[in-house]
Amino acid sequence: MTNPIADFGKARTLLVTGSNTSENHPIIAHHMRRAIRRGTKLLLLEPRDIPLAGLATVWLRHRPGTDVAVLNAMMNVIVSEDLHDHQYIQERTEGFEEFRRVIEQYSPQRAQEISGVSADDIVLAARIYASERPSSIAYAMGITQHVTGTDNVKSLANLAMLCGNVGVEGGGVNPLRGQNNVQGACDMGALPNVFSGYQQVADLAARQKMSQAWGVPFESLPDKPGLTITEILDGAESGQVKALYIMGENPMLSDPDSGHVEKALGHLDFLVVQDIFLTETARLADVVLPAAAYAEREGTYTNTERRVQLSRQAVPPPGQARPDWQIISELARRLDHGWNYSSAEEIFTELAVVTPQYRGITYERLRQGEQLCWPCPTPGHPGTPILHVGRFARGLGKFHAIEYLPPAELPDKKYPLLLTTGRVLQHFHTGTMTRKAAGLEALAPRPFIEVNPADARRLGISGSAPVRVISRRGQIELEARIDERVDCGVVFIPFHYFEAAANRLTNTALDPVAKIPEFKVCAVRLERAG
Amino acid sequence: MSTIKLFIDGKEVEVERGTTILKAAGQAGVRIPTLCHHPDLEPYGGCRLCIVKVEGMRGMPPSCITEVAEGMKVTTEDDEILAARRTVLRLLLADHTYDCLRCRANLDCELQKLTEELGVREHGLIPVLRESTIDESNPLFVRDMNRCVRCARCIRTCQEIIGLGAIDFLGRGHAVEVGPFANQPIAESICESCGECVVHCPTGALSFREQPPRPDRKETVICPYCGTGCSIELHVRRDRVVAASGDRHSEVNRGLLCLKGRFGSFPYLHDPERLTRPLVRKRGELVECDWDEALDLVAQKFRQHRGEAFAAFSSAKVANEDNYLMQKFSREVQGSNSVDHCARL
């Protein structure tokens with residue numbers, strides 16, 4: 001997030017898109033709803049009738065995957081009505097003219113044809129976003145899990161810059177991170193192209209710095225960016241990747257096209273899974289290493305607003321389970337690297353030295369209750385809750401000219417419905433943790449598919465009837481829930497349930513830049529089962 | 001901020017303008033009994049237990065909603081005030097299921113504490129019977145309107161803090177009770193089961209189904225679910241987590257939790273299916289082994305598959321320190337940049 005969570009309470013307009021905030025980030029939704037009670041306007045760009053829809057001033061209910069068309073049309077309106085921030089654009093950005101030539105092609109009428117959203121609503125939303133400032137944008141995986149995910153995010157950044165909403169209190173472009181340490185895992189360099197602190201592996205100076213800090217020969221650090229998760233699985237299938245070490249992930253349920261995942265893992269020479277449960281993925285491993293859970297060890301986590309927080313050890317790990325960092329260190333020692341870390345704090349001290357954004361953060365400061373959002377570059381630095389104040393990190397903010405592109409797989413005669421996936425309030429990700437809580441499981445015990453009443457009538461499906469859902473990649477059976485939460489022609493399945501894993505159906509098509517799979521759109525058909 | 005001076009029980013006190021008498025008394029170290037008042041919520045003035053006398057003012061104004069004024073002379077308690085408070089309390093008790101030992105709130109009940117503070121044991125009134133709702137539809141908490149004192153703390157919590165408004169007063173007069181729209185079962189309402197109404201209820205009207213034993217200690221952790229980063233206090237007894245509550249010191253969640261944080265952050269820790277020993281595949285089966293055997297085998301295999309033949313999935317669910325070491329391991333030890341995690345999933 002460019003801005004802290006509390007800033008949602010300072011915005012006069014909130015644009016929420018691709019985020020079912022009240023079910024997936026309930027505490028953030030409290031901030032939003034309190035603001036709305038005080039008069040903040042909510043603009044919702046969202047295909048499903050999520051709980052926030054009832055509070056929206058304008059709800060743009062678009063067909064999944066048509067975000068760029070709607071956003072371009074909003075910006076078309078803002079520019080043609082001269083509601084954009086001329087001074088901000090001139091002083092702080094570049095690329096405006098080229099961008100302007102593209103959005104001029106997106107009239108609200110054209111966006112209506114593409115997205116199904118009424119042109120009048122697009123105009124209304126554009127006027128509110130541009131005039132009732134500061135305006136804050138919140139988005140989540142509904143924006144990014146598309147083949148055009150990068151385009152969608154850039155379009156949101158365009159919109160925010162167009163109205164001078166970046167680098168100001170109560171504004172910003174704010175991705176709501178879905179897991180407790182996605183931000184931290186990225187910051188720490190658990191990515192194929194960067195070391196910690198987003199220092200490029202291809203950069204000579206970065207490799208020199210790391211090899212010195214780690215005390216290894218410079219040549220030993222590879223300079224070519226590695227493979228992403230989906231590419232690693234393809235590499236396993238083709239025989240390029242032979243050994244895979246999986247820590248705390250369950251790709252059998254969380255990745256698209258699980259049939260493909262299973263086949264790829266089966267091709268490996270050696271699979272190690274380090275986890276707290278014998279997950280669907282761990283069952284396929286050659287070696288399974290028992291890890292300590294979050295409450296069984298000390299460690300830091302970085303939340304969606306870049307706040308680095310210390311989590312204490314509450315209880316000992318069960319049996320012989322060990323903290324992940326101890327297991328990794330032990331393996332490094334056996335592979336002749338003298339890693340002798342005695343605590344998580346000692347590792348943090350090392351990573352703070354080599355990670356510019358974390359350099360001023362210490363366990364001691366966190367223990368004393370300091371609230372630190374990175375970048376925190378020096379020992380006494382108070383942290384940086386709002387990014388891009390006065391100046392963008394890259395200097396000038398860049399407008400990107402983005403054309404609308406349709407999703408990779410759209411409904412057709414054989415697969416006439418559009419499937420989108422997500423979460424429910426009671427469960428989390430692949431359910432390995434929440435489904436062990438009896439109360440949560442009792443509230444949401446079964447997988448289901450939301451079907452619009454009109455589609456249900458046409459297919460002869462009645463409430464809670466078992467149905468078979470079939471895509472080009474696989475099929476699952478589950479209960480139908482006849483519900484207007486989804487629009488006609490759209491169906492929704494939560495992906496928490498191994499017994500009807502939504503990712504048997506989803507498409508592996510990737511965003512070409514971010515390599516995110518298109519979980520939010522694929523084509524399926526429905527049949528009555530049993 | 002300008003200040004004013006007033007007299008509380010004859011003692012001169014200087015407080016911020018706009019403060020309530022209740023707050024001013026608190027600052028002066030004088031306790032006034034309350035029930036509907038809660039520091040997280042806007043002043044309400046519902047229960048009338050915090051009544052005081054103000055010189056020159058008619059009647060006994062509730063101190064929680066009466067602003068201080070320059071030179072104000074407040075009496076927080078005398079025989080008349082005490083008698084009025086006891087009457088208020090007796091009326092509440094006459095309309096309340098009076099079986100404390102069986103109540104989930106026993107010994108943690110503000111109504112019960114007030115009976116002790118004000119010396120009221122018997123209400124001495126003839127109760128007017130009414131049928132109150134007992135709603136057990138939610139597997140996480142129970143609503144027993146026989147124990148409700150109509151302080152509206154739950155209603156106000158859901159409106160002011162959660163911003164949801166799932167519940168409100170229903171009906172009129174003596175039949176008033178709290179419930180969701182049309183008094184449907186709470187599980188079928190828009191309620192998000194966060195449990196904050198239960199946390200803010202002064203009696204046993206709202207109670208969690210799970211009744212954990214008293215903790216030996218509490219430890220502060222970061223919630224293992226979404227990216228909000230709420231701070232949780234885990235209640236620990238004999239090295240087992242028995243409950244979770246929101247950390248009021250956190251700037252992120254200020255004591256609040258959602259249902260996953262409150263009910264889902266700890267049961268899985270002690271699940272019998274947790275992995276407790278390393279497993280190695282032998283003749284097709286995963287069998288338990290000791291650490292040395294498992295790690296030696298992994299090291300031997302990793303030695304064979306270095307560079308592009310090696311890849312690692314790190315995790316958005318583990319700490320920064322683990323992620324840092326995993327990428328360091330992949331790059332330094334295995335010579336591979338193929339390390340990634342599920343940020344995209």
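Given the structure is predicted, the values throughout are model-derived calculations rather than measurements. (Residues numbered from 1 in each chain as written. Chains lettered and ligands numbered in written order. Predicted model: local features only at pLDDT ≥ 70, side-chain atom pairs only at ≥ 80, totals over all residues.)

(A) Molecular detail of the overall build of chain A. Helix and strand counts for chain A come out as 19 helices and 19 strands. Over its C-alpha atoms chain A spans a radius of gyration of 24 Å, differing by no more than 12% from the 24 Å that the globule rule assigns to 530 residues. Its C-alpha atoms give chain A principal-axis dimensions of roughly 65 × 65 × 45 Å. Relative to its full complement of 530 residues, chain A shows a buried share of 59%. Restricting to contacts in chain A with at least 6 residues of sequence separation, those with at least 24 account for 70%. (Helix = DSSP H or I, 4+ residues; strand = E, 2+ residues; numbered from the N terminus. Rg over C-alpha atoms; globule rule 2.2 N^0.38 Å. Buried ≥ 20, exposed ≤ 12 C-beta atoms within 10 Å, placed from the backbone. Contact = placed C-beta atoms within 7 Å.)

(B) Seen up close, the interface of chain B and chain A. Between chain B and chain A, the residue contacts involve 100 residues of the former and 119 residues of the latter. Among the elements that take part in the side of chain B that touches chain A, helix 8 (residues 320-333) of chain B stands out by supplying 13 residues, more than any other. In the side of chain B that touches chain A, the residues fall into 55 nonpolar, 22 polar and 23 charged. Pairing of strand 9 (residues 287-290) of chain A with strand 13 (residues 279-282) of chain B involves 2 bridges; the strand directions are antiparallel. (Nonpolar A, V, L, I, M, F, W, Y, C, P; charged D, E, K, R; others polar. Pairing = 2+ DSSP bridges.)

(C) Structural context of the domain arrangement of chain A. Residue and element names in this part refer to chain A. Once the domains are mapped, chain A shows domain 1 (5-176), domain 2 (182-373) and domain 3 (417-528). With 17 residues of domain 1 at the interface, the matching set in domain 3 holds 23 residues. Here the residues of the side of domain 1 that touches domain 3 are counted per class, giving 3 nonpolar, 10 polar and 4 charged. (Domains from an automatic or database assignment.)

(D) View of the domain arrangement of chain B. Residues and elements named next belong to chain B. The domain boundaries assigned to chain B delineate domain 1 (3-77), domain 2 (89-208), domain 3 (217-270) and domain 4 (279-344). In this structure, domain 2 and domain 3 have C-alpha centres spaced 25 Å apart. With 7 residues of domain 2 in contact, the opposing surface of domain 3 contributes 6 residues. Taken together, the residues of the side of domain 2 that touches domain 3 sort by class into 3 nonpolar, 2 polar and 2 charged.

(E) Representation of the sheet that holds strand 15 (residues 310-313) of chain B in the model. Reading across the sheet, the 7 strands line up as 14(B)-13(B)-9(A)-8(A)-7(A)-15(B)-16(B) and stay open at both edges, with mixed pairing between neighbours. Of all the strands in the sheet, just strand 14 (285-288) and strand 16 (339-340) of chain B have a single pairing partner and so form its edges. Relative to strand 15 of chain B, strand 7 (residues 243-247) of chain A runs parallel, the two being bridged by 4 bridges. Residue pairing across strands places A:Ile246 opposite B:Phe313, the latter belonging to strand 15 of chain B.

(F) Fine view of the packing of helix 16 (residues 344-354) of chain A against helix 8 of chain B. Axis separation between helix 16 of chain A and helix 8 of chain B bottoms out at 9 Å; the angle between their running directions is 65 degrees. The handedness of the crossing between helix 16 of chain A and helix 8 of chain B is left-handed. When helix 16 of chain A is examined against helix 8 of chain B, the residues A:Ala344, A:Ile347, A:Phe348 and A:Leu351 are found in contact with a partner set consisting of B:Asn320, B:Glu321, B:Tyr324 and B:Leu325. In the contact of helix 16 of chain A with helix 8 of chain B, the residues fall into 6 nonpolar, 1 polar and 1 charged. (Axes fitted to C-alpha atoms, helices over the stretch in contact; angles between N-to-C directions. Left-handed = near helix turned anticlockwise from the far one by under 90°.)

(G) Geometry of the environment of B:Glu192. Here B:Glu192 is to be found in the loop between strand 8 (177-180) and helix 5 (196-200). B:Glu192 sits 146 residues away from B:Ser338 along the chain, and the two C-alpha atoms are 40 Å apart. With residues near it in sequence (within four places) discarded, B:Glu192 still touches A:Ser22, A:Pro26, A:Leu425, B:Leu164 and B:Leu259.

(H) Highlighting the sheet that holds strand 3 (residues 53-54) of chain B. All names here are of chain B. Strand order in the open sheet made by the 4 strands is 2-1-4-3, with mixed pairing throughout. Each edge of the open sheet carries a strand with a single partner, namely strand 2 (11-16) and strand 3. In terms of strand pairing, strand 3 meets strand 4 (residues 73-75) through 2 bridges, oriented antiparallel. By the bridge assignment, Val54 is partnered in strand 4 with Val74.

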